[in-house]
Amino acid sequence: MSSNGKSFDNFFNQIYPKLEELEAKRLKGAKKLNVLYKIGIIGFVILLILTILKAYFIYLLIIFVLFFCGLFNERAGKISKELTPTFKKEVIGQLLTYFYDDVRYVPRQRVSAKLLRNSLLFEKSIRKTTGDDYTECRIENTYIHFSEVQAYDPSSILFFNGIFIAIKFNKSFTAKTIVIPRSRTSFYKRIKMNLRGEMKNASTINLEDIIFNKEFRVIGEDQVESRYKLTTSLMQRMLDYKRKINKKVAFSLVNNWLYVSIPTKKNRFEASVTKPINNKEFIRSSFDYFQLLTGLVDDLDLNTKIWK
C-alpha cells in the first residue's frame, strides 16, 4: 500500500525500532497483569470451594470478583495510559508526517466546538465537547481538519460520539446547504432550524437522483445554489463515501467550509496492553483509517474546482 509514492512497508521498517521499545514496555506491564490474573484465579477457586461448603461464602465470592475485575481493569488502563502518549507521538505522529503534507497532530486536542456549531449538522445545542487526536494536513491544495469528538447538550447528555471533519475552501458559499441521513431527520427539522435562526427560509430540496433522495435529506436556504453545488457526480461521490465508511455520515456546505460528521463509538490510535505494538497489521489499521478519512478529498474530488 502506498500514498503519493510512499510505501507503508518502508514506513513500518523505519519505525520498527521504536515499536520494539514500546513492545518491551508493554510486555513488562503484561507480565505484571498476568501475575495479578493468576492470583485472581487462585483466589476465585478458593472462595468457590468455600462457597460450595458453606453457602454464605457466596457474598464473599461476589465481592471478590467485583473487586478483582475493577482492580484488573484499573491496572490495565494505567499501563495503556503510560504507553499511549509515546505511541501517539513516536508512531502515529510520524505516520502522519511521513504520508501527508503540512501536518499538525495534537493528541490531546479536538476540533473546536465552534466548528461543530457552525456545521449545522447537529439537531441539539452544543454545550461542551471533549475529544482527542486533532489532525490537520494538506492533500494537494486542500486542507483537512479532523478529530475524535464527543458533543454534549445543555443537560450534559452525550448526543454525538464520532469523527468530525472540516475542510476549508477558497470560495465562500452564499447559501447554506446540509445533507443528512434520512434516519436522523424529522418532519420538524426545517421548522426548528428556522426558529433558531440558523438558516434563512430553509426548505427541503428534492433532487433528481432517486437513490440519493432515499439516503439523504437535503435542506438549503437557496434551491438554485443547492442544486448547483450538489451536482450529479458529487451526489454519487457522497453515496459512495457513505458506503465506504459504512456509517451514517452527514455533510454540510456552510460559508467556505465543507463539514462531515461520522458517528462511531470506537476509540482509535490507542496502545493496548493486550495487543502487540510491533504488529504490522496493528499499525496498518491506523494508517488505513487515516486513509479512509483523508480519502474524502479524493473521493469527493475536492481538489477539482467544482464551484467556480
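Refer to the structure above for everything that follows.
Remember, predicted model here, so these are calculated numbers, not experimental data.

**Student:** Looking at this structure, how should I read unusual backbone geometry?
**Tutor:** Trans is the prevailing form of peptide bonds, just as negative phi is the prevailing case for residues other than glycine. In the Ramachandran plot, Asn-246 falls in the positive-phi region, its phi being about 60° despite a non-glycine side chain. In this fold, Asn-246 is placed in the loop between α7 (232-245) and β10 (250-254).

**Student:** I tried to follow the pattern of salt bridges on my own but got confused; where do I start?
**Tutor:** Where charged atoms from two side chains of opposite charge approach closely, those side chains can pair. Applying the stated criterion to the full structure yields 16 salt bridges. A salt bridge links Lys-280 to Asp-9, with the shortest nitrogen-to-oxygen separation between them at 2.6 Å. Highlighted residues: Lys-280 in helix α8 (residues 280-294) and Asp-9 in helix α1 (residues 8-53), separated in sequence by 271 residues. Between Glu-215 and Lys-242 there is a salt bridge whose closest N-O contact spans 3.1 Å. On the criterion of sequence distance, the pair formed by Glu-215 in helix α5 (residues 210-215) and Lys-242 in helix α7 is long-range, its members being 27 residues apart. Residue Glu-215 is classed as partly exposed on the basis of its relative accessible area, which comes to 28%. Accessibility expressed as a relative area gives 19% for Lys-242, which makes it buried. The network of salt bridges with shared partners includes Asp-9, Lys-280, Glu-281 and Arg-284.

**Student:** Just to check I follow, could you spell out the pairing of strand β9 (residues 216-220) for this structure?
**Tutor:** In the case of a regular strand, side chains alternate between the two sheet surfaces. Of all five residues in β9, five are buried, a share of seventy percent or more. Burial of the side chains of β9 extends over both faces: Phe-216, Val-218 and Gly-220 are buried on one face and Arg-217 and Ile-219 on the other. Pairing between strand β7 (residues 177-181) and β9: five bridges, direction antiparallel. Paired with Val-179 across the strands is Val-218, a residue of β9. Taken together, the three bridges between strand β8 (residues 203-205) and β9 define a ladder with antiparallel strand orientation. If you follow Thr-204 over to β9, its bridge partner there is Ile-219.

**Student:** Explain the nonpolar core to me, please; I cannot follow it from the model alone.
**Tutor:** Within soluble globular proteins, side chains that are nonpolar tend to cluster in buried spots. One finds Ile-165, Phe-251 and Ile-283 to be the most contacted residues of the largest nonpolar core, which totals 62 residues. Element by element, the count of residues in this core is highest for helix α2 (residues 58-99), at ten residues. With residues up to four places along the chain from it excluded, the contact list for Ile-283 reads Phe-8, Phe-11, Phe-12, Leu-19, Phe-87, Val-91, Leu-95 and Ile-277. Core analysis: the next-biggest nonpolar cluster, separate from the first, contains 22 residues, Val-111, Leu-116, Leu-120 and Ile-178 among them.

**Student:** Where do I start with the sheet that holds β9 in this structure?
**Tutor:** Strand pairs in the sheet, formed through backbone hydrogen bonds, run parallel or antiparallel to each other. Here nine strands make up an open sheet; going across it, the order is β3-β4-β5-β6-β11-β10-β7-β9-β8 and the pairing antiparallel. If you trace the sheet from one side to the other, it starts and ends with β3 (101-106) and β8, each paired once. Averaged over all neighbouring strand pairs, the angle between strand axes comes to 20°, with direction disregarded. As judged from the five bridges shared by β10 and strand β11 (residues 257-263), these two strands associate in the antiparallel manner. Looking at β11, one finds that Ser-252 is bridged to Tyr-259. Packed on one face of the sheet, α7 meets β6 (158-168), β7, β9, β10 and β11 and runs near 130° to β9.

Analysis parameters
- Residues numbered from 1 in each chain as written.
- Predicted model: local features only at pLDDT ≥ 70, side-chain atom pairs only at ≥ 80, totals over all residues.
- Heavy atoms only, no water.
- Helix = DSSP H or I, 4+ residues; strand = E, 2+ residues; numbered from the N terminus.
- Salt bridge = Lys/Arg side-chain N within 4 Å of Asp/Glu carboxyl O.
- Buried < 20%, exposed > 50% of the residue type's maximum accessible area, 1.4 Å probe, protein only.
- Pairing = 2+ DSSP bridges.
- Core = buried A, V, L, I, M, F, W, Y, C linked by side-chain atoms within 4.5 Å.
- Contact = heavy atoms within 4.5 Å.
- Axes fitted to C-alpha atoms, helices over the stretch in contact; angles between N-to-C directions.

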